[in-house]
Amino acid sequence: MKVLGVSGSPTKNSNTDVLVKAVLDATGAETEFIKLSEINVGPCIACMKCVHTNVCVVNDDFRWLSEKVIEADAIVIGSPTYYGAASAFMKAFIERLYSKRHLKLLLSGKVAVTLAVGVAAEQMVAQWMGDALGAGGMEVVGTMTAKGTPCCFVCGSGETCAFAIWNVYSKELSGMDLGIEKAYEGYLELLPDNKPYVNGSARFLRSYRSVKDEPDVMAEAKKLGELIKERI
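Please read these numbers as outputs of a predicted model, since none were measured by experiment. (Residues numbered from 1 in each chain as written. Predicted model: local features only at pLDDT ≥ 70, side-chain atom pairs only at ≥ 80, totals over all residues. Heavy atoms only, no water.)

**Here's the deal with the nonpolar core**
1) Next: With 26 residues, the main nonpolar core has Leu4, Val6, Val69, Ile75, Ile77, Met90 and Phe93 as its most contacted residues.
2) Next: Listing elements by their share of this core, those giving two or more residues are β1 (2-7), α2 (62-71), β3 (74-82), α3 (88-96), β5 (111-118) and α4 (122-135).
3) Next: The leading source of residues in this core is α4, at four residues.
4) Next: Apart from the residues lying within four places of it in its own chain, the contact partners of valine 69 are Leu4, Ile75, Phe93, Leu97, Leu107, Lys110 and Met138.
5) Next: Counting residues in hydrophobic clusters, the runner-up holds 21 residues, among them Val3, Val20, Leu24 and Leu224. (Core = buried A, V, L, I, M, F, W, Y, C linked by side-chain atoms within 4.5 Å. Buried < 20%, exposed > 50% of the residue type's maximum accessible area, 1.4 Å probe, protein only. Helix = DSSP H or I, 4+ residues; strand = E, 2+ residues; numbered from the N terminus. Contact = heavy atoms within 4.5 Å.)

Below is the structure:
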């Protein structure tokens with residue numbers, strides 16, 4: 001049995017990578033991990049030349065990657081959340097899978113798991129990826145999410161930036177309580193003079209959030225891998 005893992009994160013050794021690999025390891029199957037940022041898979045160009053052949057004519061790395069998808073019994077995909085959506089790397093990959101859907105639904109019966117890592121909208125992104133794979137004929141047996149490291153933690157200016165991600169998702173601007181302070185308790189302290197889009201004032205208590213430090217998250221990834229093992 002073969003299980004293919006695909007990460008849409010461009011960050012080296014990212015939390016997304018860690019979780020995809022953790023799911024793969026728990027399957028006990030023959031596995032392979034692909035990092036989309038290290039290869040060249042562009043977006044669908046809507047030429048419709050794949051309709052009757054199920055072969056995408058765009059000449060890039062999707063040609064050999066799609067063969068690995070076809071050969072796999074299960075697929076695990078993971079993406080960070082950028083602007084409330086999957087990364088462009090993952091979006092392009094999923095778009096190109098459409099070439100396998102026309103007329104024959106070539107991915108039908110394969111087992112799939114999706115996971116998303118981010119600050120907000122992770123549930124929506126994981127669900128969207130699952131819906132996309134489901135529409136392609138796959139059986140999505142599980143999804144999971146995790147909190148990652150906001151880019152503002154590592155840019156060098158996050159503590160004093162009025163436009164940092166926690167201010168973008170503030171009640172004042174979004175009208176919603178997205179729980180940024182609670183989600184990053186122990187990592188981030190917003191100071192009294194912090195005013196979204198006016199004056200940035202925060203203190204980093206920890207500069208990087210690693211899923212390896214969160215046993216519950218790693219255990220969830222392991223359970224998904226074990227679920228794949230049961231299904232294939």
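Text resumes after the structure shown.
**Quick look at α4**
1) Next: Here α4 is 14 residues long and its end C-alpha atoms lie 20 Å apart, about the 20 Å a rise of 1.5 Å per residue gives.
2) Next: If you check which residues of α4 are buried, you get Glu122, Val125, Ala126, Met129, Gly130 and Leu133. Buried residues of α4, viewed axially, fall in a sector of 135 degrees; they line one side. Opposite the buried face of α4, by more than 90 degrees, sit the exposed residues Gln123 and Met124.
3) Next: Contact partners of the buried residues in α4: β3, β4 (85-86), α3, β5 and β6 (139-147).
4) Next: Of the residues one or two after α4, glycine 137 is the one with positive phi, at around 105 degrees. (Expected span 1.5 Å × (residues − 1). Arc of directions from axis to C-beta.)

**Side note on unusual backbone geometry**
1) Next: Of note, alanine 46 is a non-glycine position whose phi angle comes to about 55 degrees, a positive value.
2) Next: Within the chain, asparagine 54 stands out as a residue other than glycine whose phi angle is a positive 60 degrees.
3) Next: Summarising the element assignment, asparagine 54 is placed in the loop between β2 (30-35) and α2.
4) Next: A relative accessible area of 2% places asparagine 54 in the buried class.

**Notes on the packing of helix α1 (residues 15-27) against helix α9 (residues 215-231)**
1) Next: The N-to-C vectors of α1 and α9 enclose an angle of 45 degrees; their axes lie 7 Å apart at closest approach. On the basis of the axis angle, α1 is oblique to α9. Crossing angle aside, the handedness with which α1 passes α9 is right-handed. Two secondary-structure elements touch here, α1 through Val18, Leu19, Ala22, Val23, Ala26 and Thr27 and α9 through Val217, Met218, Ala221, Lys222, Leu224, Gly225, Glu226, Ile228 and Lys229.
2) Next: Within the contact of α1 with α9, the residues separate by chemical class into 10 nonpolar, two polar and three charged. (Axes fitted to C-alpha atoms, helices over the stretch in contact; angles between N-to-C directions. Parallel < 35°, antiparallel > 145°, perpendicular 65-115°, else oblique. Left-handed = near helix turned anticlockwise from the far one by under 90°. Nonpolar A, V, L, I, M, F, W, Y, C, P; charged D, E, K, R; others polar.)

**Overview of the packing of aromatic side chains**
1) Next: With the rule as written, the count across this model stands at seven aromatic pairs.
2) Next: With 5.8 Å between their ring centres and 85 degrees between their planes, tryptophan 166 and phenylalanine 204 make a pair best called edge-to-face. You can see tryptophan 166 sitting in helix α6 (residues 165-168) and its partner phenylalanine 204 sitting in strand β8 (residues 202-204), a full 38 residues away along the chain.
3) Next: Ring centres 6.3 Å apart and planes at 80 degrees place the aromatic pair tyrosine 184 and tyrosine 187 in the edge-to-face group.
4) Next: A relative accessible area of 1% places tyrosine 184 in the buried class.
5) Next: Its relative accessible area of 7% is what places tyrosine 187 among the buried residues.
6) Next: What links up through ring pairs into an aromatic cluster is the set Phe153, Trp166, Tyr184, Tyr187 and Phe204. (Phe/Tyr/Trp six-rings, centres within 6.5 Å; stacked < 30°, edge-to-face > 60°.)

**Examining the side chain of serine 7**
1) Next: Structurally, the position occupied by serine 7 is in strand β1.
2) Next: Looking at serine 7, the relative accessible area reads 0%, which means it is buried.
3) Next: Polar side-chain contacts of serine 7 include one of 3.2 Å to the backbone nitrogen of serine 9.
4) Next: If we ignore the near neighbours within four places in the chain, the residues touching serine 7 are Thr16, Asp17, Phe33, Ile34, Lys35, Leu36, Gly78 and Met90. (Polar contact = N/O pair within 3.5 Å; in protein donor to acceptor, adjacent residues only side chain to side chain.)

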